[in-house]
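# Structural features, examined
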Amino acid sequence: MMNTREYFNQCFKAEVPKFVRVLKAVPKDQSAYRPHPRSMSAGDLAWLLASELHDACELVDHGQVSYVQKPAPALAESVSAYEKNAAALKRRLAKVKDAGWKKKAAFLVDGKVAWKTSLGDMLWGFLFDGIHHRGQLSTYLRPMGAKVPSIYGPSADDPGM
């Protein structure tokens, strides 16, 4: 029977290509697009997804991460950073054993603990947050003139085969 650490690894590996498809679907000249003034821009969302994986690597390495919002680079750099950070996290996850999965982890904002739980719970939270923001970004695609790629099955633009 698979434990939650093993299941997370399986889920993460399955999700990465879906993230990459959505990120690569964003038109290069549309990174400033936002559907509403209070919404994040497409470029900021792409950078958030890439940055979150870097933060996940920090969590695995050090047991804590300090969230620091940085300006988004060009869209192509965000996509590249996502792929690089996903590969780095996969390598780290392969080395995490059950005891490490259960160790305490902390997420800090402005030097203060905003969230403290086990490494495993926090990594699940990061994955779910990423999926949430990927969904947000995917809703921007058609209004930007792009096609929505297959994520969990066919879209109106991509049969997903």
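Just so you know, the residues in each chain are numbered from 1, in the order the chain's sequence is written. Residues qualify for local features only when their pLDDT is at least 70, as the model is predicted, and side-chain atom pairs are given and counted only at 80 or more; totals for whole chains, interfaces and linings, by contrast, use all residues. With hydrogens and water set aside, each side-chain value is computed from the structure's full complement of heavy atoms.

Right, let's get into the overall build of the chain. Per the convention used, a helix needs a DSSP run of H or I reaching at least four residues, while a strand needs a run of E reaching at least two, with both numbered from the N terminus. Scanning the chain from N- to C-terminus turns up five helices and three strands. It is over C-alpha atoms that the radius of gyration is taken, and the globule rule equals 2.2 Å times the number of residues to the power 0.38. The globule rule puts the C-alpha radius of gyration for 161 residues at 15 Å, and the 16 Å found for the chain is close to it. Taking the principal axes of the C-alpha coordinates as reference, the chain spans close to 45 × 40 × 20 Å. Burial statistics for the chain: of 161 residues in total, 43% are counted as buried. For every residue, the accessible area (1.4 Å probe, protein chains only) is compared with the maximum for its type, and the residue is labelled buried under 20%, exposed over 50%, or partly exposed between those bounds.

What follows is about the pattern of salt bridges. Any Lys or Arg side-chain nitrogen located within 4 Å of an Asp or Glu carboxyl oxygen qualifies as a salt bridge. Throughout the structure, instances matching the rule amount to six salt bridges. Of the charged contacts, one joins Arg 134 and Glu 15 as a salt bridge, the two residues approaching to 2.7 Å between their closest N and O atoms. Of this pair, Arg 134 sits in helix H5 (residues 119-141) while Glu 15 is found in helix H1 (residues 4-25), placing the two residues 119 residues apart along the sequence. Note on accessibility: Arg 134 and Glu 15 belong to one class, buried.

Attention shifts here to unusual backbone geometry. Located in the positive-phi region is Asp 110, a residue other than glycine, with phi close to 55 degrees. Mapped onto the fold, Asp 110 is located in the loop between strand E2 (104-109) and strand E3 (112-118).

Let us now look at the side chain of Ser 118. Within the fold, Ser 118 resides in strand E3. With relative accessibility at 13%, the residue Ser 118 sits in the buried group. Other than its neighbours up to four places away in sequence, Ser 118 contacts Trp 101, Lys 102, Lys 103, Lys 104 and Ala 105. Contacts: residue pairs with any heavy atoms within 4.5 Å of one another.

End to end, H1 covers 31 Å across 22 residues, agreeing with the expected 32 Å (1.5 Å per residue, within 8%). At Glu 15, H1 shows its maximal bend, which comes to roughly 25 degrees, and the proline Pro 17 appears one to four places after that position. Burial in H1 covers these residues: Arg 5, Phe 8, Asn 9, Cys 11, Phe 12, Glu 15, Val 16, Lys 18, Phe 19, Val 20, Val 22 and Leu 23. Residues of H1 that are buried in the fold lie against helix H2 (42-62), helix H3 (75-95), helix H4 (98-102) and H5. Polar contacts here mean pairs of N or O atoms no more than 3.5 Å apart (in protein, one a potential hydrogen donor and the other a potential acceptor; neighbouring residues in sequence count only if both atoms are side-chain atoms). Capping the start of H1 is the job of one residue whose side-chain oxygen sits 3.0 Å from the backbone nitrogen of Arg 5: Asn 3. One less than the number of residues in a helix, times 1.5 Å, gives the span that helix is expected to have. Take the seven residues that end at a residue and the seven that start at it, fit an axis to each, and the angle between those axes is the bend at that residue.

Nonpolar side chains in soluble globular proteins generally cluster together in the buried interior. Take the buried Ala, Val, Leu, Ile, Met, Phe, Trp, Tyr and Cys residues and link them wherever side-chain atoms come within 4.5 Å; each set so joined is a nonpolar core. Core analysis: the biggest nonpolar cluster contains 45 residues, and Phe 8, Phe 12, Tyr 82, Leu 89, Leu 123 and Leu 137 have the highest contact counts within it. Listed by contribution, the elements that provide at least two residues to this core are H1, H2, H3, E2 and H5. Residue contributions to this core peak at 10 residues, all from H2. If we skip the residues at most four places from it in the chain, Phe 8 touches Leu 93, Trp 101, Leu 123, Trp 124 and Leu 127.

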